[in-house]
Amino acid sequence: MAVFKLENVEDLYEIGEVLGSGHFGQVREVRERASGARWAGKFLKIRRGAGSRLGMERKSVEREVEVLQALQHYNIMALRDVFESRAEIVLIVELISGGELFDFIAEKESLTETEAIEFLKQILQGVSYMHSKHIGHFDLKPENVMLLSNTLPNPDVKIIDFGMAHRFIQGEEYRSMGGTPQYIAPEVINYEPLGTAADMWSMGVITYILLSGLSPFQGYTDEETLRNVVGMVYEFDDQHFSQTSAMAKDFIQKLLVKDQKERMTAEDCLLHPWIKPLTRTQIAK
Ligand SMILES: COc1cc(-c2ccc3ncc(-c4cccc([C@@H](O)NCCN(C)C)c4)n3n2)ccc1O
């Protein structure tokens, strides 16, 4: 069992305002007393006793911490420290002040292809690194992509919320029913063995949303959404995609592929001509 720092987190950090809360717990701004540096603290109530349903399973928090400790990349939220008390575990992570990509898109409705590519390149660099460490995120969505700065054309992107993440062990099968219906891959819904390719399906959905403001499989209910995913029921409707390049649509179509073995990897995406245009020399050949 992992053991985290048993000191009182408030001895080292001044606890500030609540930044947000959700299934993941509560996120608050914290200030390191020794340096004055600002961080974010994710405060997680831990289940006490087998019968309790309140709070997080300690094991699942340990898995999240283990995943975060294995990841050091500019486009992935950095973990700095972990404290635990009798009923709470606190993850100290880098503060990301530019808000969620989800809100950024909501304000602009949709992005130009150039703007979308700038975001996608950074997300894909983080995802490619994560996959190279045999770690899948399994909850990639615009709400879990935060902006260090929200000034275009160079937004600094950070992937957050590794509460659903999984580190693959050679030869081990992994299945999960978790995730957000609009973004989960068909193999998740069918409870099939998963791989990092499930994240790449989510990247196809995210790209579709960045370019149109629409969610490709969204139904009136979660059940309808899941049916649309499994049935591959989506289209590039003229109203929202008449100005979208064939290369952008090709990129999405090579991610929204039912057979996970045929789906583009993050590395494939970074080499796709929509993301990495050919140089003059390559064109001249
Ligand atoms: C360590 O795990 C997480 C960290 C964070 C995190 C990390 C750094 C950071 N700096 C600022 C914020 C922040 C600011 C406003 C709202 C939120 C949060 O409520 N929404 C984040 C996305 N949400 C859908 C998970 C988080 N965060 N959130 C959020 C969810 C996590 O599961």
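Going by the structure above, here's the rest.
Quick caveat: nothing in here was measured; it's all calculated off a predicted structure. (Residues numbered from 1 in each chain as written. Predicted model: local features only at pLDDT ≥ 70, side-chain atom pairs only at ≥ 80, totals over all residues. Heavy atoms only, no water.)

(A) Spatial organisation of unusual backbone geometry. Backbone geometry places phenylalanine 138, a non-glycine residue, at a positive phi of 65°. You can see phenylalanine 138 is positioned in the loop between β6 (135–136) and β7 (145–149). Phi at aspartate 161 takes a positive value of approximately 60°, unusual for a residue other than glycine. Mapped onto the secondary structure, aspartate 161 falls in the loop between β8 (156–159) and β9 (166–167). With a relative accessible area of 8%, aspartate 161 lands in the buried category. (Helix = DSSP H or I, 4+ residues; strand = E, 2+ residues; numbered from the N terminus. Buried < 20%, exposed > 50% of the residue type's maximum accessible area, 1.4 Å probe, protein only.)

(B) Region of the structure containing the nonpolar core. Of all hydrophobic cores here, the largest spans 76 residues; its most connected members are Leu124, Phe162 and Met203. By residue number, the principal contributor to this core is helix α6 (residues 197–212), which donates 10 residues. Here methionine 203 is in contact with Leu120, Ile123, Leu124, Val127, Leu140 and Leu255, once residues within four sequence places are set aside. Core analysis: the second largest hydrophobic core is formed by eight residues, Val9, Tyr13, Val30 and Trp39 among them. (Core = buried A, V, L, I, M, F, W, Y, C linked by side-chain atoms within 4.5 Å. Contact = heavy atoms within 4.5 Å.)

(C) Region of interest: the site of the ligand. The environment of the ligand is formed by 19 residues, the closest being Gly20, Lys42, Ile96, Glu143 and Asp161. Within the backbone of serine 21, an N or O atom sits 3.5 Å from an oxygen atom of the ligand. Contact between the ligand and lysine 42: an oxygen atom at 2.8 Å from a side-chain N or O atom of the residue. Burial of the ligand by the protein chains amounts to 89% of its free accessible area of 630 Å². Elements that contribute at least two residues to the shell around the ligand include exactly β1 (13–22), β3 (38–45) and β5 (88–94). Top element by residues in the shell around the ligand is β1. It accounts for three residues. Of the residues contributing to the shell around the ligand, the split by class is 10 nonpolar, three polar and six charged. (Near = heavy atom within 4 Å. Polar contact = N/O pair within 3.5 Å; in protein donor to acceptor, adjacent residues only side chain to side chain. Areas by Shrake-Rupley, 256 points an atom, 1.4 Å probe, with all protein chains shown as cover. Nonpolar A, V, L, I, M, F, W, Y, C, P; charged D, E, K, R; others polar.)

(D) Structural view of the pairing of β3. Counted residue by residue, β3 has six buried out of eight residues, so it is predominantly covered. Judged from the six bridges that link them, strand β2 (residues 25–32) and β3 form a sheet pairing that is antiparallel. The partner of glutamate 29 across the bridge, within β3, is alanine 40. Two successive antiparallel strands, β2 and β3, enclose a turn made up of five residues, where glycine 36 displays a positive phi of approximately 80°. (Pairing = 2+ DSSP bridges.)

(E) Geometry of helix α9 (residues 246–253). Residues of α9 that are buried: Ala248, Phe251 and Ile252. Seen along its axis, α9 keeps its buried residues to an arc of 95°; they face one direction. Buried residues along α9 sit in contact with α4 (113–132), α6 and α10 (266–271). (Arc of directions from axis to C-beta.)

(F) Local environment of the sheet that holds β5. Spatially, β1-β2-β3-β5-β4 is the arrangement adopted by the five strands of the open sheet, whose pairing is antiparallel. Strands at the two margins of the open sheet, each flanked by one partner only, are β1 and β4 (79–84). Looking at each pair of strands side by side, their axes are set apart by 25° on average, direction ignored. Helix α2 (residues 58–69) contacts β3, β4 and β5 of the sheet and is inclined by roughly 20° relative to β5. (Axes fitted to C-alpha atoms, helices over the stretch in contact; angles between N-to-C directions.)

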